[in-house]
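# Residue-level structural notes
Below, each chain spelled out in residue letters.
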Amino acid sequence: MSIFKQRTMAPNQLATLRELESKVSLGRVLWCKDSLVIMTGINPDAPLGTKLAFVSGGSGILLWHRSDNLAFAIVAGGAANIQPGEGVECKVKGILQVLDDTKGPITRKEYELMQAPAGESLYGAVVNYIGQPIAEIDTPANRAHIAKHKSEAAAAAALAATDATASSSSAAAAPQRGGMMTSWEEEGGPDIAGSGLSGLGLERLKPLIKEQVAMKNREQITESLFTGVKGLDTLTPLGRGASLLVIGPSGSGKTSLALDAIQGCQLGSGMRCVLASTTLSAKDLEQRLECLEAAGCLANTAVFFADPSAPLATKLATLMAAAAAGERVRDEGGHSLVVLDDLSSLSDTWDSLVLGLAELGQAKLREGLIKSYTWDSLVLGLAELGQAKLREGLIKNEAGQDVTLNPATEQELVDYEGMLVSGAVAQRRGFFSVLFLRAAKLHAAFGGGSMTLLPLVPGRPASGTKAALDMSKYTTLSEEQKEKMRQVLEKKRAAEAALMALSVGPGELKTETVEEFISISDGQIVLEPPMRLANPSSSSSSSSSSSSSSEAGPVAFSINPKLSITRIGSRAYSKALEQLAPQIRLDLAQAEDARKFAANQDDPVLRRYEVRSQRITAALQQQPGHPVPLQDLVVTLFAIQEGLADSVPAKDVPAFLEEGLKVLRNEQQELLADIARSKQLTAKSERGIVAVFSALLKQRESASDVSA
């Protein structure tokens, strides 16, 4: 569209404006709980993130439009005063006259979007989602801002004491704030435990919820984002502009991996990073950030914090604010990494809102027709809501006609992004995609910037176990054969039941939700449960790569190479890793197959693959808080692939590799510098690496002969 300048044959502007003003829809609140709202009747053309005004004086943010004229929102202020039945409307910023390519000259509304802080002053600080520093978390930026605030408050108080009137005293004492902070406070203030401090990052604002970048404005992901986490960079390379999930149960080391990635991607680049923390307490987060500060990475990292006890709306807004800060860097031609810890609040928000619909069907629940929390019960609750509100005349379509809701329409298969899914699933996937699709690599014509998402998901993906067979199909089997098959299937079902009981722990998402996240993202790295970590070398299908910090100290975590994949493919590797990493994954897969199909444990093929996979597992071990540079990982993988560590016991492989790297750093700095500069492994570099590790092997053999 372009600005419509010619007025020839156009309707009177004032008449058009009056007509549009009269069409601002006054919606109605149907349900409000925990700062979440279900409403109907608001403007269907309002984009997500539009500011909402409630009759009671509260404010909100449009979260999602359903296809049946219902809408979801989160409350920004005044949640305690919002009641079902009250009016709500979208805030209109202005009226635009534009020239549409197909419709010609038209007049449309421009809605006011809720803005989030995204300025440079966020970096090094820990703030809530409106930019207020968290006083309980001590970082240099927080200390400086709090000291500045106290100084300004003292100066304002001294000035107020000299004023003659109470009004001038009040005006002098009021702290000066930026545009977004003013809008929040005028609308009732955020429903969070505010510190009373002025906000950071308000010099640059971005929409809290933003539509995804159009495909024509994107560019194919071809650049590698090296994180320094050996297992991640080797098995599931991260491309600039991608969204890669980190999936694992509680205690598997997701947060530690993410913090190592933040530290590693800044090695020599100073890349901008944003962390949204909604699962750690203020004390725990401060301890985790000490590592970033010690490594000099905190100054390039903005941290958005929400306490684990905060409402779902606050946690979700924290995730969205972190994405907005990363988008500002991307839109200005830079590159950013956004870590979301974790995605529970996204799925929990949707479940709470849909359960809010089902709550209105409590009569059905009392009658025993809704047995448990299933999608069928939610659909029944939605139908009950439709019947009740239909009688009240509250649910209508754009033409003013009554809308009938029923389970059949929710379960009908629809085409969503090339897949046939039910209407309810399509709605949920669309809601999740609002956050996931904010990751993008922009076309060079738009600056070529990128925002990469690294969301953490507490849970486990599907194991791939097949469903039990239907015995009724096997009519040709004898009763004896059927009985034997039944016994086998019973054992299989028992194993599946045990696996399912184990698969969802406290605070973890259901496997169904995890799989839905996987289908929307660009890939995932799956961490093994902590109980599988006692002897990493004994599991050749798992690759130990880093560690997880807890109050008891860091423990090694393990990456499952079979379930960890990237849909970006080899394009996300640097040239050197593209030559080496795929073979590493293949070696692990071959070891797994050999273990499955070997005739016995003494099979020479099995022993050969076991030796290699155990060395790979040992080579990818990594100390927490110590990301490795690219050249070190290239040397490590090349040494393993060439079999230079095959004669070294698995437990000694990490020390052997580190010894070789130490020699290279001391004697062949140019070799490592060439790999770091060119990101390629030349024949000359290969000869140098082989020479160093071969000399070390001879020294080990000589030392062994002397000791013997």
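Computed from a predicted model, the values in this text were never measured in an experiment. (Residues numbered from 1 in each chain as written. Predicted model: local features only at pLDDT ≥ 70, side-chain atom pairs only at ≥ 80, totals over all residues. Heavy atoms only, no water.)

## Brief notes about the overall build of the protein chain
Keep this limit in mind: Strands here are runs of E lasting at least two residues and helices are runs of H or I lasting at least four, both read from the DSSP assignment and numbered beginning at the N terminus. Only protein chains enter the calculation, and the probe is 1.4 Å; a residue is then buried if its accessible area is under 20% of its type maximum, exposed if over 50%, and partly exposed in between. The contact criterion used is simple: two residues touch if any of their non-hydrogen atoms lie within 4.5 Å. We get accessible surface area from the Shrake-Rupley algorithm with a probe of 1.4 Å; when it comes to residues, only the shown protein chains can shield them.
What the protein chain contains, in helices and strands, is 21 helices and 24 strands. Per-residue burial over the protein chain gives 50% buried out of 708 residues. Considering only contacts within the protein chain whose residues lie at least 6 apart along the sequence, 73% involve residues at least 24 apart. Taken as a whole, the protein chain presents about 31,800 Å² of accessible surface, with 53% of it coming from carbon and sulfur.

## Focus: the nonpolar core
Within soluble globular proteins, side chains that are nonpolar generally end up buried alongside one another. Test applied: Nonpolar core, defined: a set of buried Ala, Val, Leu, Ile, Met, Phe, Trp, Tyr and Cys residues in which side-chain atoms within 4.5 Å join the residues together.
Met39, Leu208, Leu340, Leu343, Leu346 and Phe517 are the most contacted members of the largest nonpolar core, which has 79 residues in total. No other element matches the eleven residues that helix 8 (residues 312-331) contributes to this core. Once residues within four sequence positions are removed from consideration, Leu208 is found in contact with Ile61, Met114, Gln115, Ala116, Ala317, Met320, Ala321 and Arg438. Grouped together as the second largest cluster of nonpolar side chains are 73 residues, Ile262, Leu280, Leu630 and Leu661 included.

## Here we look at unusual backbone geometry
Residues other than glycine predominantly adopt negative phi, and peptide bonds predominantly adopt the trans conformation. Of the consecutive residues Asp341 and Asp342, the connecting peptide bond is found in the cis state with omega at 0 degrees. Along the polypeptide, Asp342 turns up in the loop between strand 16 (335-341) and helix 9 (344-359). Phi is positive for Asp34, which is not a glycine, with a value near 55 degrees. Structurally, the position occupied by Asp34 is in the loop between strand 2 (27-33) and strand 3 (36-40). We classify Asp34 as exposed; its relative accessible area is 53%. For Ser35, which is not glycine, the phi torsion reads 65 degrees and is therefore positive. Judged by relative accessible area, Ser35 falls into the buried class, the value being 11%.

## Overview of the packing of helix 16 (residues 575-597) against helix 18 (residues 630-641)
Relative placement of two packed helices is described by the angle separating their axes and the distance separating the axes. Put simply, the rule is: Axis angles are defined between N-to-C directions and span 0 to 180 degrees, where every axis is a line fitted to C-alpha atoms and, for a helix, only to the segment in contact. For classification, angles of less than 35 degrees are called roughly parallel, those exceeding 145 degrees roughly antiparallel, those between 65 and 115 degrees roughly perpendicular, and all remaining angles oblique. It is the rotation of the near helix from the far one that decides the hand of a crossing: anticlockwise by less than a right angle makes it left-handed, clockwise makes it right-handed. When residues are grouped by polarity, Ala, Val, Leu, Ile, Met, Phe, Trp, Tyr, Cys and Pro land in nonpolar, Asp, Glu, Lys and Arg in charged, and all others, Gly among them, in polar.
At a closest axis distance of 10 Å, the pairing of helix 16 and helix 18 adopts a crossing angle of 45 degrees. Classified by the angle their axes make, helix 16 and helix 18 are oblique. The two elements helix 16 and helix 18 meet at a crossing, and its hand is left-handed. Side by side, helix 16 and helix 18 meet where Ala576, Leu577, Gln579, Leu580, Ala581, Gln583 and Ile584 of the first sit next to Leu630, Leu633, Val634, Leu637, Phe638, Ile640 and Gln641 of the second. Looking at the contact of helix 16 with helix 18, its residues break down into eleven nonpolar, three polar and no charged.

## Some points on the pairing of strand 3
Put simply, the rule is: Pairs of strands are assigned from DSSP output, requiring at least two bridges between the strands.
Summarising burial for strand 3: five of the five residues are buried, a large majority. Burial of strand 3 is two-sided: the residues Leu36, Ile38 and Thr40 facing one way and the residues Val37 and Met39 facing the other way are all buried. By the bridge criterion, five bridges tie strand 2 to strand 3 in an arrangement that is antiparallel. Looking across to strand 3, one finds that Val29 is bridged to Met39. Counting the residues between successive antiparallel strands, the hairpin from strand 2 to strand 3 contains two residues, one of them, Asp34, with a positive phi of roughly 55 degrees. Here strand 3 pairs with strand 6 (residues 70-77) via five bridges, running antiparallel. Across the sheet, Leu36 pairs through a bridge with Ile74, a residue of strand 6.

## A short note on the environment of Lys216
As for its position among the elements, Lys216 is in the loop between strand 12 (205-207) and helix 5 (230-235). What makes Lys216 exposed here is its relative accessible area of 72%.

## Examining the environment of Ala589
When you line up the elements, Ala589 lands in helix 16. Of the residues examined, Ala589 reaches a relative accessible area of 35% and is grouped as partly exposed. Residues Ala589 and Ser613, 24 residues apart in the sequence, show an inter-C-alpha distance of 9.0 Å.

## Some details on helix 16
To be explicit about the condition: By this rule the span expected of a helix is its residue count minus one, scaled by 1.5 Å.
An ideal rise of 1.5 Å per residue puts 33 Å on 23 residues; helix 16 measures up with 34 Å between its terminal C-alpha atoms. Ala576, Leu577, Leu580, Ala581, Ile584, Asp587, Leu588, Ala591, Glu592 and Ala594 are the residues of helix 16 that are buried.

## Concerning the packing of aromatic side chains
Short version of the rule: Here is the rule: rings of Phe, Tyr and Trp (six-membered ring for Trp) pair when centre to centre is within 6.5 Å. Planes less than 30 degrees apart are stacked, more than 60 are edge-to-face, and the remainder are tilted.
With the rule as written, the count across this model stands at seven aromatic pairs. Arranged with centres 6.3 Å apart and planes meeting at 80 degrees, the rings of Trp64 and Phe431 form a pair that is edge-to-face. In this pair, Trp64 sits in strand 5 (residues 59-65) while Phe431 sits in helix 13 (residues 423-436), placing the two residues 367 residues apart along the sequence. The same class applies to Trp64 as to Phe431, namely buried. Judged by centre distance (6.1 Å) and plane angle (55 degrees), the rings of Phe431 and Phe432 are tilted.

## Considering the confidence of the model for the protein chain
Atomic detail in the predicted coordinates should be set aside for any region of low pLDDT. Quick note on the threshold: What pLDDT expresses is the predictor's confidence in each residue, scored from 0 to 100.
In this model, the protein chain carries a mean pLDDT of 79, and residues with pLDDT of at least 70 account for 73%. Taken together, the stretch residues 362-379 has pLDDT below 50 and engages in 27 contacts with residues farther than four places along the chain or on a different chain. Note that pLDDT drops below 50 for residues 400-409; the model gives that stretch 21 contacts with residues more than four away or on any other chain.

## A few points about helix 7 (residues 282-294)
With 13 residues, helix 7 ought to run about 18 Å at 1.5 Å a step, and its terminal C-alpha atoms sit 18 Å apart, in line with that. Buried within helix 7 we find Ala282, Leu285, Arg288, Leu289 and Leu292. Immediately beyond the C-terminal end of helix 7, within one or two residues, lies Gly296, with a positive phi of roughly 75 degrees.

## Considerations on the sheet that holds strand 6
Pairing within the closed barrel is antiparallel, and its six strands lie in the order 2-3-6-5-4-7. On average, each strand axis in the sheet is inclined to that of its neighbour by 40 degrees, with strand direction left out of account. Packing of helix 9 onto the sheet brings it into contact with strand 2, strand 3, strand 5 and strand 6, and relative to strand 3 it is tilted by some 55 degrees.

## Observations regarding the state of the cysteines
Formally: The disulfide criterion used throughout: a pair of cysteine sulfur atoms within 2.5 Å.
Under the criterion given, the structure shown has zero disulfides. Cys297 forms no disulfide, and the closest cysteine sulfur to it belongs to Cys273, at a distance of 7.7 Å.

## Overview of the pattern of salt bridges
The criterion, for reference: One speaks of a salt bridge when a side-chain nitrogen belonging to Lys or Arg is within 4 Å of a carboxyl oxygen belonging to Asp or Glu.
Taken as a whole and judged by the stated rule, the model has 27 salt bridges. Of the charged contacts, one joins Arg428 and Glu516 as a salt bridge, the two residues approaching to 2.9 Å between their closest N and O atoms. Residue Arg428 is found in helix 13, and its partner Glu516 is found in helix 15 (residues 511-520); the two are separated by 88 residues along the sequence. Just as Arg428 is buried, Glu516 falls in that class too. A salt bridge links Arg612 to Asp646; the nearest nitrogen and oxygen atoms lie 3.1 Å apart. Residue Arg612 is found in helix 17 (residues 604-619), and its partner Asp646 is found in the loop between helix 18 and helix 19 (653-667); the two are separated by 34 residues along the sequence. One connected set of salt bridges, linked through shared partners, spans Glu120, Arg204, Arg272, Arg328 and Glu332.

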